Structures are given as C-alpha cells and as structure tokens.
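Reading the structure
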Amino acid sequence: MEVTKTLLAVSTHALKSEERRLRPRSERLGEPLWPWTVRGYPNEDWIRFPLVRELSDRFPELEIQVEAKQVETDADKVTYLDLLIRSHAAVELKGPYEIVENFPSKDYKKILEDFKRQHRRATGKKAARESNLKHFVLLILHAPKEIFYSGFFQKWLAQLESDVKKQNRGICVRLQPSKPLVLNGEDPWLMEVCLYSVY
C-alpha cells in the first residue's frame with residue numbers, strides 16, 4: 001500500500017460519498033448540510049468514521065485503531081492519536097476549518113500543536129523502533145469560491161508551513177493537496193484535503 005496516495009484518495013472519496021449522501025436531505029431542508037453539521041459527530045468523528053469504513057472496505061487486512069493511546073517517552077506524557085493504521089500510518093485529523101481573513105488564533109494554535117506532536121512521534125525513540133510507520137497531519141479546509149481562488153487560501157497555507165518549520169526545529173513537511181471538492185448548497189463553496197507528511 002502506497003500510504004500517502006491511499007490516504008489522500010480514501011479521504012477525498014469518503015468526503016465525496018458523505019456529500020452525496022447528504023445532498024437529498026440538504027435540498028429537502030432548503031439549507032446546505034455538510035458532514036460536520038450533522039448532530040452526533042463530536043470532534044473529528046465526522047471524518048474519522050467514514051475514513052475507517054472506507055479503509056476497511058478497501059484493505060480488510062489492516063489493523064486500524066481510533067484514539068490510539070501513545071506514551072511520549074521524553075516526559076512520560078500520555079497523548080491520543082486520532083487514527084493509527086498499524087505498521088503503516090499515524091494520522092492526526094484537523095478540521096474542517098473555514099479560511100477567513102481573521103482566522104481564529106486558538107484554532108491556528110491547535111493545528112500547530114498537532115504538527116508538533118507528530119514531529120515528536122516521527123523523531124522520538126519509539127519512531128526508531130517503528131521505522132516503517134509514516135506520520136501525517138490531515139487538515140481539511142473550506143472557503144467560499146472567491147476566497148479559495150483569490151490567492152489568500154494559498155498564502156494562508158504557505159504561512160502555516162512557515163510557522164510549522166519555525167516552531168519545530170528540523171521538521172520536514174510535504175504537502176499533498178486534493179483537487180478542490182464542491183460542497184452542497186447553491187453558493188459555491190470549495191473544500192480541500194491537505195495531507196501533510198511529517199518527518
């Protein structure tokens with residue numbers, strides 16, 4: 001399994017499927033319904049469960065664990081990983097975030113913290129024993145079409161990558177963005193899955 005390509009393909013397919021599933025209900029209600037607006041989806045569960053279902057369908061042999069318990073050896077601190085695909089990938093899920101001019105600083109800080117955690121996992125003592133495990137941050141962003149194509153969206157991503165590198169000495173990140181996904185609703189909104197390899 002080519003982990004990076006598979007994660008990107010599975011994430012985008014899971015989101016498209018959720019959008020198709022919700023479209024009739026959205027049209028019936030007369031307002032856009034997006035996966036994360038449906039009640040009963042706490043935190044990142046709105047994408048985690050479709051993602052696990054999609055991965056399990058394609059690769060039934062995979063051992064997948066959600067909210068995997070991790071011990072950070074330096075400070076003996078217990079953290080939780082959003083998604084662990086044993087022997088393949090450790091994934092932190094972030095979003096969806098709407099990209100706006102005054103992006104909330106608390107949300108930006110949360111994104112930076114997940115990159116920091118993944119960098120620690122990728123470079124720590126445990127990582128040396130699990131050299132085949134790749135580390136990812138899967139960031140989901142959306143914006144109105146005019147913001148998406150105005151240049152601001154790409155500028156925001158470039159600033160994020162710069163801040164991640166400033167905050168984490170020696171970190172390397174590689175971005176694999178999806179093609180823009182159209183969201184339900186009359187007004188054009190677009191979503192992008194940004195899959196970062198962290199090493």
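Structure: above.
Attention in this report is confined to the structure presented alongside it.

**Quick notes on helix H2 (residues 45-58)**
For H2, spanning 14 residues, the distance from its first C-alpha to its last is 20 Å, which sits close to the expected 20 Å at 1.5 Å a residue. Along H2, the residues that are buried comprise Asp 45, Trp 46, Ile 47, Arg 48, Pro 50, Leu 51, Val 52, Glu 54 and Leu 55.

**A short note on helix H6 (residues 152-167)**
Residue pairs spaced three or four apart in an α-helix point in one direction, given the helix's 3.6 residues per turn. If you check H6, its first and last C-alpha atoms are 22 Å apart, about what 16 residues at 1.5 Å a residue would give, namely 22 Å. Of all the residues in H6, the buried ones are Phe 152, Phe 153, Trp 156, Leu 157, Leu 160, Asp 163 and Val 164. Projected down its long axis, H6 shows its buried positions confined to an angular sector of 140°, all on one face. Residues of H6 that are exposed and angled more than 90 degrees away from the buried face: Lys 155 and Lys 166. For H6, the secondary structure elements touched by its buried residues are helix H3 (105-123), strand E4 (134-144), helix H5 (145-148), strand E5 (173-177) and strand E7 (189-198).

**Let's talk about the pairing of E4**
Within E4, ten of the eleven residues are buried, which leaves it mostly tucked inside the rest of the structure. Pairing between E4 and E7: ten bridges, direction antiparallel. Across the sheet, the residue bridging to Ile 140 is Val 193, located in E7.

**What about the pairing of E7?**
Most of E7 is tucked away: ten of the ten residues are buried. Burial along E7 is two-sided: Trp 189, Met 191, Val 193, Leu 195 and Ser 197 and Leu 190, Glu 192, Cys 194, Tyr 196 and Val 198, pointing in opposite directions, are all buried. Pairing geometry for E5 and E7, over five bridges, is antiparallel. Within E7, the residue paired with Gln 176 across the bridge is Leu 195.

**Focus on unusual backbone geometry**
Residue Pro 96 is reached from Gly 95 by a cis peptide bond, and omega for that bond is 10°. Mapped onto the elements of the fold, Pro 96 is located in strand E3 (residues 89-98). Notably, Glu 67 is not glycine yet its phi reads approximately 50°, a positive angle. Along the chain, the position of Glu 67 falls in strand E1 (residues 64-72). A positive phi is found at Ser 87, a non-glycine position, where the angle reads about 70°. Considering the arrangement of structural elements, one finds Ser 87 in the loop between strand E2 (77-85) and E3.

**What about the pattern of salt bridges?**
Side chains carrying opposite charge are able to pair once their charged atoms draw close together. Counted according to the given criterion, the structure contains twelve salt bridges. For Arg 117, the salt bridge goes to Asp 114, with nearest N and O atoms at 2.3 Å. With Arg 117 and Asp 114 both in helix H3, this residue pair falls three residues apart, about one helical turn. With relative accessibility at 2%, the residue Asp 114 sits in the buried group. A salt bridge links Glu 161 to Lys 165, with the shortest nitrogen-to-oxygen separation between them at 3.3 Å. Linking Glu 161 with Lys 165, this pair stays in helix H6, spanning four residues, or about one helical turn.

About the criteria used
Residues numbered from 1 in each chain as written. Predicted model: local features only at pLDDT ≥ 70, side-chain atom pairs only at ≥ 80, totals over all residues. Heavy atoms only, no water. Helix = DSSP H or I, 4+ residues; strand = E, 2+ residues; numbered from the N terminus. Expected span 1.5 Å × (residues − 1). Buried < 20%, exposed > 50% of the residue type's maximum accessible area, 1.4 Å probe, protein only. Arc of directions from axis to C-beta. Contact = heavy atoms within 4.5 Å. Pairing = 2+ DSSP bridges. Salt bridge = Lys/Arg side-chain N within 4 Å of Asp/Glu carboxyl O.

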